[in-house]
Amino acid sequence: MNDIPDYRIIKSRRKTIGLEISTDLQITVRAPYHLSDAKISEFVESKQAWILKHLAIMKDRQAHSPAPVSNISDKELEQLTDKARRVIPNRVEYFARIIGVTYGRITIRHQKTRWGSCSSSGNLSFNCMLMATSPELVDYVVVHELCHRKQMNHSSLFWKEVEEILPDYRNLRARLREYRL
């Protein structure tokens, strides 16, 4: 392996092998228990171009992205959480009427990896760090999660639901990726 940085291997009961690069540029290979280290190494070598390409993309994105929104004080975090508790439920109510969906509880958390989520029972969770972005991006995440009330996946039908409400969702999605949690 010429240029591939070190990687860690996590074996589990999964059936397939997969690669992931975390936001801190750590490479993880997830593999089934039965797969030998030699086969894993062979797989990683076969994905060298993909790994190097995505590492470069992520490094560039980090170099040109806004400051990480996670480097804040406890006081600032408390203020963002308070603001999110005031703003987000109103946006959820507004867009739920337009989309024609219902929802359960709304929770505001400080999450490390997600901007929002929607449970199968309709409970919505949002990251308080959304308040460190823009109102358009808050709306995008709200619409995204509410559209999961119609499609609990990221299929083309799901994205059509999002696009119906936010025709410019691709641009908003790209802008949100510029922020690092």
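Calculation notes
- Residues numbered from 1 in each chain as written.
- Predicted model: local features only at pLDDT ≥ 70, side-chain atom pairs only at ≥ 80, totals over all residues.
- Heavy atoms only, no water.
- Pairing = 2+ DSSP bridges.
- Helix = DSSP H or I, 4+ residues; strand = E, 2+ residues; numbered from the N terminus.
- Axes fitted to C-alpha atoms, helices over the stretch in contact; angles between N-to-C directions.
- Contact = heavy atoms within 4.5 Å.
- Phe/Tyr/Trp six-rings, centres within 6.5 Å; stacked < 30°, edge-to-face > 60°.
- Buried < 20%, exposed > 50% of the residue type's maximum accessible area, 1.4 Å probe, protein only.

Chemist: How would you explain the sheet that holds strand S2 (residues 18-21) if you had to name every residue and give the values?
Modeler: Spatially, 3 strands are ordered S1-S3-S2 in an open sheet, and the strand pairing comes out mixed. With one partner strand each, in any of the chains shown, strand S1 (7-12) and S2 form the two edges of the open sheet. Sheet twist, expressed as the average angle between the axes of neighbouring strands with direction ignored, equals 25°. Against the sheet, helix H1 (residues 37-46) contacts S1, S2 and strand S3 (27-32), and its axis sits at roughly 125° relative to S1.

Chemist: Describe in detail the packing of aromatic side chains, supporting the description with residues and values.
Modeler: Here the structure, examined in full by the defined rule, presents 3 aromatic pairs. Geometrically, the ring pair formed by Phe158 and Trp159 is edge-to-face, given 4.9 Å between the ring centres and 80° between the ring planes. Each member of the pair, Phe158 as well as Trp159, is classed as buried. On the numbers, 5.1 Å between centres and 15° between planes, the contact of Trp159 with Tyr169 is stacked.

Chemist: Could you give an account of the sheet that holds strand S6 (residues 124-127), naming the residues involved and the relevant values?
Modeler: The strand order across the open sheet built from 3 strands is S4-S6-S5, with neighbouring strands paired in mixed fashion. The two strands at the open ends of the sheet, each matched to only one other strand, are strand S4 (106-109) and strand S5 (116-118). Across the sheet, the mean angle from the axis of one strand to that of its neighbour is 15°, orientation sign disregarded. Sheet topology places S4 next to S6; 4 bridges connect them, and they run parallel.

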